[in-house]
Amino acid sequence: MNVEIAIVLGILGIAFLLFVSEKFTVDKTAFFILTSLLLFSLVSPEEAVSGFSDNAVLTILCLMIIAISLEKNGVVSWVAQKMIPIIKLPIWVFLPFLMISVAFFSSFIATTAVVIIFIKLVNELDKMGKIDRSRVLLPISFAGILGGSCTLMGTSTNLIVSDISRKSGVGRFSFFEFSTAGIVFLLISIPIIYFLAKKFLPRSAAQKDINVHQKFGYITAVKIKENSKLIGKQAGETEIWNENDIRLIKIQRGKKHLKNNIKTEVLEEGDVLWLDLTLEDLTAKTESLGLNILGVDHDAIEENFSNEYHEVIILPNSRFINMSLEEFNMTLPNNIYVKGVSSDSKYSKSNNYFKKIFSKKFMNPGNRVLLSGDLSEIKKIANDSNLLFANTVITEPYIPTYKKLISFLAIILVIVLAATNTFSILKSCLFGVALCLFTGCIQLNDAYKGINWQVIFLLAGMIPLGIAMKNTGTDVFIANQLFTVLKSVPASVTITIIFAFTMLMSGFVSNNATAIIVAPIVIAVAAKLSLNPKPLLYAVMFGANFSFYTPMGYQTNAIIYGLGIYKFKHFLIIGSVLSLVLLIVASFLLPMLYL
């Protein structure tokens, strides 16, 4: 092992620790990799920035724009709404059908976009009392991941592995090249997910206390107005005490903070009340009770009012991770106000609860924050800072039917042109984007705002690492070490080991980053073993996608986890069983189909 290989391995090791620890956002870690490679002259400046012109990166960029057009023009939402009649079916029919539907759409449209639309639909149906979302949302996320693995354009990971294969001389993947395996994985997984979800996921009846807590959605401060009907009454005699889904935490009177015996405290004009309540009660009952919503400024210096409230969820790798609420509030522009923060069952009954929110590292993946103010600014912050826009009261404008049809036609055009090998998938995607742009279905400004630039910079920053591994012979060095282990085992066992290692790694590191690191090594291993590299690359691709056992590896899992319905153990139990079954199936299926 020479010095250059040692440096590459060192950079790779540090990057892995940064990805796992989430010390920095993934794009910042990727930029660290890029600059480190330049610093040690492991890549040329042209190679360092080559990721920004890479076929896979540009294809993913185009697919994001088309997905934005589909969502903006209501196509995915319209399709989801048409599925509402199936909720009348028994759960054993409804849930598998829903999973198949999500998987189908995820095969051709960005998985995350599809899952977010269905989350919104399921939440609305849950509010109407038609379904229990706790039984549905995790299966939807898993189905989206499985469906996205069935075609070349289903996930960005598939495109990345295909492009690495093309650059290495193995050849790019065709649109449905690995769909047979993907469909088998999907069909085997659906009944497993259904039965495990039925047994282990929380239910309405069994989880009554949890559901009650879920009503305590946000911690916020309100101020008693001059003519409020609460004035002169003991707190325990008012609606804010007797209401099941409103909880009074403390009373702030001037500089005093009253937390003990507040039930018998007589309320006065100007008192600041800290409440734990739902978004619905926040917007519907505060006015009738004569309260002004202050938000989470615990000094209550200013009163900023708004009729628009926007829920955002802190996603993994957000720049707000590990901030206190006070720090988070201070980073926002002057025209954005924090109106509430999600209550936490672990701390809400603690006497030091407020100290924990304002002084500790409160901002963690899954925490929800309620914002008001300039909507475009909030959307920009969400896009730039890896926040999920979870709910908003803004009414969507009327969308002409022709825009829906053209947006739908754009994705169909891409699928047909790419699937029939008329054009490459990049060329097909460029035509699809052009159709959306020149017909006015999407404006470039909307595209710029909606693109997940963090993913683009992650990919563009990671690709030079693969180039450096090849330039320095690091991929061959690692392959030689693996060769000594794998040379005496059958090819099917080699596939199993690669699948298992990639799946394990992707539970803690981004699935895209995992694929970029592992795929070049696997190609070198295949050459040493004189094996066809494609089955091994399929193992990398499926293994990287199938990060079910933690909520961190795949963005849809992180979004579902952030809603506060599930605990880590639900992903661990159901995801581990599913992962183990898929590993066993892959051990037989991939060699049988592709060796």
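As annotated in an unreviewed UniProt entry, the chain is SLC13 family permease from Flavobacterium kayseriense. For the record of the chain, the UniProt heading Subcellular location (unreviewed entry) holds the text "Membrane".

Enquirer: For this particular structure, what's the right way to read the nonpolar core?
Expert: Most often, soluble globular proteins keep nonpolar side chains buried together rather than apart. Counting 145 residues, the largest nonpolar core has Met-462, Phe-542, Phe-546 and Leu-590 as its most contacted members. With 13 residues, the single largest contributor to this core is helix α23 (residues 511-529). Beyond its immediate stretch of four places on either side in the chain, Met-462 contacts Phe-19, Ala-30, Ile-33, Ala-513, Ile-516 and Ile-517. Counting residues in each nonpolar core, the second largest holds 27 residues, with Trp-274, Phe-320, Leu-325 and Ile-378 among its members.

Enquirer: Explain the pairing of strand β4 (residues 272-277) to me, please; I cannot follow it from the model alone.
Expert: Two faces belong to every sheet, and in a regular strand the side chains alternate between them. Within β4, six of the six residues are buried, leaving the element largely enclosed by the surrounding structure. Residues Val-272, Trp-274 and Asp-276 of β4 are buried on one face, and the alternating residues Leu-273, Leu-275 and Leu-277, pointing to the opposite face, are buried as well. Here strand β1 (residues 218-224) pairs with β4 via six bridges, running antiparallel. In the sheet register, Tyr-218 faces β4, and the bridge partner there is Leu-277.

Enquirer: How do you make sense of the state of the cysteines when you look at a structure like this?
Expert: Working definition: the covalent bond between the sulfur atoms of two cysteines is a disulfide. Evaluated as defined, the whole model comprises zero disulfides. Just so you know, Cys-62 is unpaired, no disulfide at all, and the nearest cysteine sulfur is the one on Cys-429, 5.8 Å from it.

Enquirer: For this particular structure, what's the right way to read the pattern of salt bridges?
Expert: Inspection of the entire model under this criterion finds eight salt bridges. One salt bridge in this structure joins Lys-167 and Asp-163, with 3.5 Å as the shortest N-O distance. With Lys-167 and Asp-163 both in helix α9 (residues 156-167) and four residues apart, the pair spans about one turn of that helix. Lys-167 gets classed as partly exposed once you look at its relative accessible area, which sits at 43%.

Enquirer: For this particular structure, what's the right way to read the packing of aromatic side chains?
Expert: The description of an aromatic ring pair uses the distance of the two centres, along with the angle that the planes make with each other. Under the counting rule described, the total for this entry stands at 23 aromatic pairs. A centroid spacing of 5.0 Å and a plane angle of 70° characterise the contact between Phe-185 and Phe-542, whose relative ring orientation is edge-to-face. Of the two residues, Phe-185 is situated in helix α10 (residues 179-200) and Phe-542 in helix α24 (residues 533-545); the sequence distance between them amounts to 357 residues. Of the aromatic side chains, those joined through ring pairs into one cluster are Phe-142, Phe-173, Phe-178, Phe-185, Phe-499, Tyr-538, Phe-542, Phe-546, Phe-548, Tyr-566, Phe-571 and Tyr-594. In this structure, Lys-199 packs its charged tip against the face of Phe-200, placed 5.8 Å from the ring centre. Here the guanidinium or amino end of Lys-528 rests over the ring plane of Phe-483, the centre of that ring lying 5.4 Å away.

Enquirer: Would you take a moment to explain the pairing of strand β2 (residues 246-253) for this structure?
Expert: β2 sits mainly inside the fold: six of its eight residues count as buried. Note: β2 against β4, six bridges, orientation antiparallel. In the sheet register, Leu-248 faces β4, and the bridge partner there is Leu-275. Sheet analysis places β2 next to strand β3 (residues 256-258), joined by three bridges and oriented antiparallel. Its bridge partner lying in β3, Gln-252 is registered against His-257.

Enquirer: Explain empty space enclosed by the protein here, please?
Expert: One way to see where empty space is left: roll a probe the size of a water molecule over the atoms. One pass over the full model with this rule turns up two cavities of 30 Å³ or more. Size it by volume and the largest cavity reaches roughly 40 Å³. In terms of lining, the largest cavity is formed by 10 residues, of which the most central are Ile-87, Phe-94, Leu-98, Leu-121 and Leu-125. Contributions of two or more residues to the lining of the largest cavity are made by α6 (91-106) and α7 (111-127). Per element, the largest residue contribution to the lining of the largest cavity is three residues, and it comes from α7. Roughly 30 Å³ of volume is contained in the second largest cavity.

Calculation notes
Residues numbered from 1 in each chain as written. Predicted model: local features only at pLDDT ≥ 70, side-chain atom pairs only at ≥ 80, totals over all residues. Heavy atoms only, no water. UniProt positions renumbered as here; feature names shortened; annotations may be inferred. Core = buried A, V, L, I, M, F, W, Y, C linked by side-chain atoms within 4.5 Å. Buried < 20%, exposed > 50% of the residue type's maximum accessible area, 1.4 Å probe, protein only. Helix = DSSP H or I, 4+ residues; strand = E, 2+ residues; numbered from the N terminus. Contact = heavy atoms within 4.5 Å. Pairing = 2+ DSSP bridges. Disulfide = S-S within 2.5 Å. Salt bridge = Lys/Arg side-chain N within 4 Å of Asp/Glu carboxyl O. Phe/Tyr/Trp six-rings, centres within 6.5 Å; stacked < 30°, edge-to-face > 60°. Lys NZ or Arg CZ within 6 Å of the ring centre and 35° of its normal. 1 Å grid on protein atoms, 1.4 Å probe; cavity = no way out; pocket = protein on both sides within 12 Å on 5 of 7 lines; lining within 4 Å. Points joined across faces, edges and corners; volume = space filled by probe spheres on them.

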